[in-house]
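Listed here are the chains, written in short residue letters.
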Amino acid sequence: MATEYGQPFSPEEIGFALRDTKPGKAPGFDNINPEFLINCGKYAKVWLARFFTDIMQTGNIPKELKQSKIIAILKPGKPADLPASYRPIALLSVLFKLLERLIYNRICQKIFDVIPIEQAGFRPKRSTCDQVLSLTTFIERGFQERLKTSAASIDLSAAYDTVWREGMIYKFLQVIPCKLTARLLNNMLSDRTFQVIMGANKSTQRKLKNGLPQGSVLAPLLFSLYIADLPETQSKKFGYADDWVLATGSKSFEEAEEVLTQDLEKLGRYFRQWRLKPNASKTEVSCFHLNNKLAKKELKIQFENTLLLHNSTPKYLGVTLDRTLSLKAHLTKTAEKLRTRNNVVQKLCGTSWGASASTLRSTALSLVFSAAEYCAPVWLNSPHTHRIDAQLNNTMGMISGVIKSTPTEWLPVLSHIPPPNLRRKNALIREFEKISNNPDLRIHEDIENANKTRLRSRKPPTKTAIDTATEQNFNLLSAWQQEWTMKQRDQIPWFSQKPPGFGLPRKAWSTLNRIRTKHGRCGDLLYKWGKIPSPSCECGEKQTIDHIVKECAITAFRGGTEEDFLMATPESIAYLNGLDI
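Everything numeric here is computed off the predicted structure, so don't read it as measured data.

If you tally the helices and strands in the protein, you get 23 helices and 14 strands. In terms of its C-alpha atoms, the protein occupies a principal-axis envelope of roughly 95 × 70 × 50 Å. Across the protein, every contact between residues at least 6 apart in sequence was considered, and the portion connecting residues at least 24 apart equals 71%.

See below:
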């Protein structure tokens, strides 16, 4: 008799699964696009429910659904004649992924219940930021307790591809004893075929009997289940899918080396038992401490009969750490990435032509700010955040069309993006609220000790979050207005909204903002920059922006006020179209 997991699928389940299906994805060999299924009607959903129910009950999957199209994409800067230079992208059948989604919706909660709390990969209300913050909080605790925190980053070669199918099904049945579902999963994972395509060239079709398919809906969940029974270790584990770090605090390097060696040996036996392949040549060790005299000291740890590489700036989940957690290396790399992305935004704008402010703002948020704010709650207190802010100021300057001498407090206002430092603080508060609402997270074991005041120079993000929550309920808009008031006496009536004129053509928008900020191409500034020999206007007076708009007998805005430019009235727009500042 079928359990609750093997019951017939209903049209309602099909509807729920289709809501989670992402449009715009490339089809597999069957050439069925996701939009075709997303927009299907009720009769199609009834047919799909019967179709997938028949697959569930018989365990027979059409071979067309198990075919993968592998597209090989050359990695940037890599030689084209080496196979390792290519990144394989697997395109699966959309119908196959819909079937996976149906199974996922039935089994996910039961599997989440058995996955250890230190595994954060692909789980509800968990993220890479949680895990990096948890690791850095553990390191901060070591600083406060006069400990050296040693860590080993374990690398598994082709982790998903080396999953032992029969072992996977065995572990699945231990958690979900449903023979129908287990039989279906076994058929989905066995005898899969793939074909590599490079331009007009195609390889022969090959079969796979083990591993989890790349791009699969179920693969991350099943992999987390497959390694959910990792053995207990003396050191603390931090996992995100197949990225695992072992970290331990100790008084001496020798003690850390002994603990990590024993734990790695224990995990090595586990990996070999379940046919996973740890890569000792890519597994690294690092040490975090504040003793500058021992800055060049390296850990000597062996794993799989190989002396592990000591890396003083390890990278974990996209964040480059360093010995003292200054995050200088990470912020320097991120700033360079932002500089490159700003060059793309620059192509869309100019002083007399270009995209609208709305288009530039949307582009900047998705392209620049998304990269700039990754894991911001981890590094917002770093003394090197000015590297990020400099690039973000350039981004906001391009959106608003102002010149470089414009006071930086104007840039967020005119681009309608809160200041970067306040956006980071807001992200930290939201992250800390999420952590506080999940008392089972291991980070709670370290927060109190990490926030001790023995080292007053340390500024752990968790302490910032607690202090902010204790002082007042942080509000992004109120904090922004307060920061503006401290730097500018004048209030602006549209602070919480897009500035009037946001939809103007590029030239008019740039001129308007240069009048608002009183920074533009005028005689006074050009003279200061050494571009012209005299700051005088044609009328003989010193030429500033205020002089051009309010006082000049030739160019003054007759009958208007500064309020007209703040509110972008039709009269002010007609006036500035004739200016060249």
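Moving on: the pattern of salt bridges. Tallied over the full model, the rule gives 23 salt bridges. Linking Asp130 and Lys434 is a salt bridge whose minimum nitrogen-to-oxygen distance equals 3.3 Å. With Asp130 in helix α5 (residues 128–144) and Lys434 in helix α15 (residues 420–436), the pair connects residues that are 304 residues apart, well separated along the chain. Judged by relative accessible area, which is 5%, Asp130 ranks as buried.

Moving on to empty space enclosed by the protein. Tallying each qualifying case throughout the model produces 4 cavities of 30 Å³ or more. If you list the elements that add at least two residues to the lining of the largest cavity, you get α5 and β7 (236–240). Considered class by class, the residues forming the lining of the largest cavity number 5 nonpolar, 2 polar and 6 charged. Considered as a void within the structure, the second largest cavity measures approximately 60 Å³ in volume.

The strand order across the open sheet built from 5 strands is β7-β8-β3-β9-β12, with neighbouring strands paired in mixed fashion. Edge positions in the sheet fall to β7 and β12 (309–310), since each has one partner strand and no second. Pairing of strand β3 (residues 148–154) with strand β9 (residues 284–288) involves 5 bridges; the strand directions are antiparallel. The residue of β9 that forms the bridge with Thr149 is Phe288. Here α5 sits on the sheet in contact with β3, β7, β8 (243–250) and β9, set at roughly 160° to β7.

Before going further, it helps to spend a moment on the pairing of β7. In terms of residue burial, β7 counts as a mostly covered element, since 5 of its 5 residues are buried. In β7, alternate side chains face the same way, and those of Lys236, Phe238 and Tyr240 on one face and Lys237 and Gly239 on the other are all buried. A loop of 2 residues connects β7 with β8, the two strands running antiparallel in sequence, and Ala241 in this loop sits at a positive phi of about 60°.

With that out of the way, let us pick up the pairing of β9. For β9, the buried fraction is high: 4 of the 5 residues fall into the buried class. As paired strands, β9 and β12 are joined by 2 bridges and run parallel to one another. Looking across to β12, one finds that Glu284 is bridged to Leu309.

The subject of this paragraph is unusual backbone geometry. In the Ramachandran plot, His416 falls in the positive-phi region, its phi being about 55° despite a non-glycine side chain. Tracing the chain through its elements places His416 in the loop between α14 (410–415) and α15. Although it is not a glycine, Lys518 sits at a positive phi angle of roughly 65°. Relative to the assigned elements, Lys518 resides in the loop between α19 (506–517) and α20 (523–528).

Counting 141 residues, the largest nonpolar core has Phe52, Ile107, Phe172, Met188, Leu218 and Phe223 as the members making the most contacts within it. A total of 12 residues in this core trace back to one element, the largest contributor, which is helix α4 (residues 94–114). In this view, Met188 contacts Ile61, Lys66, Phe96, Leu99, Glu100, Ile103 and Leu218; residues no more than four positions away in its chain are not counted. Phe502, Trp509, Phe565 and Leu576 belong to the second-largest nonpolar core, a separate cluster that totals 20 residues.

Right, let's get into the layout of surface pockets. Taken as a whole, the largest pocket holds about 1,400 Å³ of empty space. Along the walls of the largest pocket sit 44 residues, with Ala158, Ala159, Asp161, Gln214 and Asp242 positioned nearest its centre. When contributions to the lining of the largest pocket are tallied by element, the ones reaching two or more residues are β1 (67–74), β2 (86–91), β3, β4 (192–198), α8 (219–226), β8 and β13 (315–316). Grouping the constituent residues of the lining of the largest pocket by class yields 25 nonpolar, 10 polar and 9 charged. Approximately 690 Å³ is the volume found for the second largest pocket. Forming the boundary of the second largest pocket are 22 residues, of which Lys22, Lys25, Lys97, Gly215 and Val217 lie nearest the centre. Of all the elements in the fold, those that place two or more residues in the lining of the second largest pocket are β2 and α4. By residue number, the principal contributor to the lining of the second largest pocket is α4, which donates 7 residues.

Now for α8. Because an α-helix completes one turn every 3.6 residues, residues spaced three or four positions apart along the sequence face the same direction. Among the 8 residues in α8, 8 count as buried, and that is most of the element. Listing the buried residues of α8 in full gives Ala219, Pro220, Leu221, Leu222, Phe223, Ser224, Leu225 and Tyr226. If you follow the buried residues of α8, they end up packed against α4, α6 (165–175), α7 (179–189) and α9 (253–273).

This paragraph deals with the environment of Val319. Position of Val319 relative to the elements: it lies in strand β14 (residues 319–320). Distance in space between the C-alpha atoms of Val319 and Phe223 is 23 Å, their sequence separation being 96 residues. Once you skip the residues sitting within four places of it in the chain, Val319 turns out to touch Val132, Pro314, Leu327, His330, Tyr374 and Cys375.

The rules behind these values
- Residues numbered from 1 in each chain as written.
- Predicted model: local features only at pLDDT ≥ 70, side-chain atom pairs only at ≥ 80, totals over all residues.
- Heavy atoms only, no water.
- Helix = DSSP H or I, 4+ residues; strand = E, 2+ residues; numbered from the N terminus.
- Contact = heavy atoms within 4.5 Å.
- Salt bridge = Lys/Arg side-chain N within 4 Å of Asp/Glu carboxyl O.
- Buried < 20%, exposed > 50% of the residue type's maximum accessible area, 1.4 Å probe, protein only.
- 1 Å grid on protein atoms, 1.4 Å probe; cavity = no way out; pocket = protein on both sides within 12 Å on 5 of 7 lines; lining within 4 Å.
- Points joined across faces, edges and corners; volume = space filled by probe spheres on them.
- Nonpolar A, V, L, I, M, F, W, Y, C, P; charged D, E, K, R; others polar.
- Pairing = 2+ DSSP bridges.
- Axes fitted to C-alpha atoms, helices over the stretch in contact; angles between N-to-C directions.
- Core = buried A, V, L, I, M, F, W, Y, C linked by side-chain atoms within 4.5 Å.

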